[in-house]
Amino acid sequence: MAEVRHILSLSGGKDSAALALYMRDQVPNMEYIFSDTRKELPETYEYLERIEDYLGKRVHRLNADLGFDHWYDVYGGMIPSNHRRWCTKMLKLKPFEDFVGDAPVLNYVGLRADENRSGYISHKSNITPVYPFQEAGLKLADIEEILQSSGVGMPPYTKWGRSRSGCFFCFYQQKIEWVRLKETYPALYEEAKAYEHPFEASGNTFTWSERESLAELEQPERMSAIKEEHRQRQAAKEAKGAELTLAQVFAREEAAEDVEGCLICTL
Ligand code: SF4
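**Q** It is not clear to me how the site of the ligand should be interpreted in this structure. Could you clarify?
**A** Near the ligand there are eight residues, and of these Cys87, Thr88, Cys167, Cys170 and Cys265 occur at the shortest range. Assessed atom by atom at 2 Å from the grid points, the ligand resides in the second largest cavity. Its residues assigned to classes, the shell around the ligand shows six nonpolar, two polar and no charged.

Now the structure itself:
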């Protein structure tokens, strides 16, 4: 019988980071991996180093040579989207399955007890997902406590109002997150914008963000409007929150945080 391998995939997000710290002493032979799209935020690499320091172990970087641009060329220069989501498959799922091979594997997933997300995870028969946070009943506040008490802290992107790890141009980000990307990392915004050109096969121009190009979104009046819409939505939520119980507030925050179908990139 082949020996069972223990593998934990880090995304750069808080839940997988907290799970890595949580499991360090429970599974000493854990293998930690990170599928690098080569389009991650610069601060994600620094955060991974902090996690490695705590673990006392190196995190295997997958995709070292074949990042996003390789697959972008293979797919004929087509920007991925929710309906054309080749990126997760080729940059996250496939490298993970290649790394795993055919040996039996326990794959540790950072889903919490207070969330009900689903998304891309491997369904290979030799891979068995395990959910330590759910088994232990650990929720958002527990995950934050694990990160803070370890000294690793929350992922740096949370400080400038971004809600997700993964590629800086991820099409799942909200309009306000594009505005914040432009303000925080203008060069990365320009890089994302450069992908928006007519698709050779059809002549259509695909955009990262729904119904508008990044060139349109970055116009000062449009950025102001997005900020104002966001401010109004937040104010309405807060006003409504005043009437909610604490449990309802948590449930609402969880729903807002849920990233549809992007589990492997953002957990
Ligand atoms: S983070 Fe977004 S763009 Fe990057 S691989 Fe995942 S779904 Fe695709």
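**Q** It is not clear to me how unusual backbone geometry should be interpreted in this structure. Could you clarify?
**A** Backbone phi values are negative for most residues with the exception of glycine, while trans is the configuration of most peptide bonds. Despite not being glycine, Arg38 has its phi angle at roughly 65°, a positive value. For Arg38, the position within the fold is in the loop between strand 2 (31-35) and helix 2 (42-55). Its identity as a non-glycine residue notwithstanding, Arg211 has a phi of 65°, on the positive side. Along the polypeptide, Arg211 turns up in the loop between helix 8 (186-193) and helix 9 (214-217). Residue Arg211 is classed as exposed on the basis of its relative accessible area, which comes to 74%.

**Q** What is the right way to read the pattern of salt bridges from this model?
**A** When the charged atoms of two side chains with opposite charge come close together, those side chains can pair. Tallied over the entire structure, the rule returns 24 salt bridges. Measuring nitrogen to oxygen at the nearest pair gives 3.2 Å for the salt bridge that ties Lys193 to Glu190. Note that Lys193 and Glu190 are positioned in helix 8 at a spacing of three residues, about one turn of the helix. A residue is classified by how much of its surface remains accessible, and Glu190, at 37% relative accessible area, is partly exposed. With its nearest N and O atoms 2.6 Å apart, the salt bridge here joins Glu218 to Lys193. Of this pair, Glu218 sits in the loop between helix 9 and helix 10 (220-241) while Lys193 sits in helix 8, placing them 25 residues apart in sequence. Beyond isolated ion pairs, a larger network of salt bridges with shared partners links Lys14, Asp15, Arg112, Asp114 and Glu115.

**Q** Looking at this model, I keep getting lost on the packing of aromatic side chains. Mind explaining?
**A** For any pair of aromatic rings, geometry is given as the distance between the ring centres together with the angle between the planes. Taken as a whole and judged by the stated rule, the model has 16 aromatic pairs. Between Phe68 and Trp86 the ring centres are 5.2 Å apart and the planes differ by 35°, which places this aromatic pair in the tilted class. Placement of the pair is Phe68 in helix 3 (residues 68-74) and Trp86 in helix 4 (residues 86-100), with a sequence separation of 18 residues. The exposure classification of Phe68 matches that of Trp86, with both residues buried. Relative to Phe169, the ring of Phe68 lies with its centre 4.7 Å away and its plane at 55°, an arrangement referred to as tilted. With Phe68 in helix 3 and Phe169 in the loop between helix 6 (140-150) and helix 7 (175-184), this pair connects stretches of sequence that are 101 residues apart. Given a relative accessible area of 1%, Phe68 falls into the buried group. The exposure class assigned to Phe169 is buried, which follows from its relative accessible area of 1%. An aromatic cluster of three or more residues is present, and its members are Phe68, Tyr72, Tyr75, Trp86, Phe168, Phe169, Tyr195 and Trp208. Geometry around Phe99 places Arg5 over its ring, the cationic atom sitting 5.0 Å from the centre. When the ring centre of Phe206 is taken as reference, the NZ or CZ atom of Arg84 above it lies at 3.9 Å.

**Q** Sorry if this is basic, but what is going on with the sheet that holds strand 2 here?
**A** To summarise the sheet geometry, strands pair through backbone hydrogen bonds and adopt either a parallel or an antiparallel arrangement. One open sheet holds the five strands; their spatial order is 3-2-1-4-5, and the pairing between them is parallel. Where the open sheet ends on each side, the last strands, each with one partner, are strand 3 (60-62) and strand 5 (127-130). With strand direction ignored, the average angle separating the axes of adjacent strands in the sheet is 30°. Bridge analysis of strand 1 (residues 5-10) against strand 2 gives four bridges, and the strand direction is parallel. Paired with Leu10 across the bridge in strand 2 is Phe34. Relative to the sheet, helix 4 contacts strand 1, strand 2, strand 3, strand 4 (105-108) and strand 5, its axis offset from that of strand 2 by approximately 150°.

Parameters at a glance
Residues numbered from 1 in each chain as written. Predicted model: local features only at pLDDT ≥ 70, side-chain atom pairs only at ≥ 80, totals over all residues. Heavy atoms only, no water. Near = heavy atom within 4 Å. 1 Å grid on protein atoms, 1.4 Å probe; cavity = no way out; pocket = protein on both sides within 12 Å on 5 of 7 lines; lining within 4 Å. Sits in = over half its atoms within 2 Å of the grid points. Nonpolar A, V, L, I, M, F, W, Y, C, P; charged D, E, K, R; others polar. Helix = DSSP H or I, 4+ residues; strand = E, 2+ residues; numbered from the N terminus. Buried < 20%, exposed > 50% of the residue type's maximum accessible area, 1.4 Å probe, protein only. Salt bridge = Lys/Arg side-chain N within 4 Å of Asp/Glu carboxyl O. Phe/Tyr/Trp six-rings, centres within 6.5 Å; stacked < 30°, edge-to-face > 60°. Lys NZ or Arg CZ within 6 Å of the ring centre and 35° of its normal. Pairing = 2+ DSSP bridges. Axes fitted to C-alpha atoms, helices over the stretch in contact; angles between N-to-C directions. Contact = heavy atoms within 4.5 Å.

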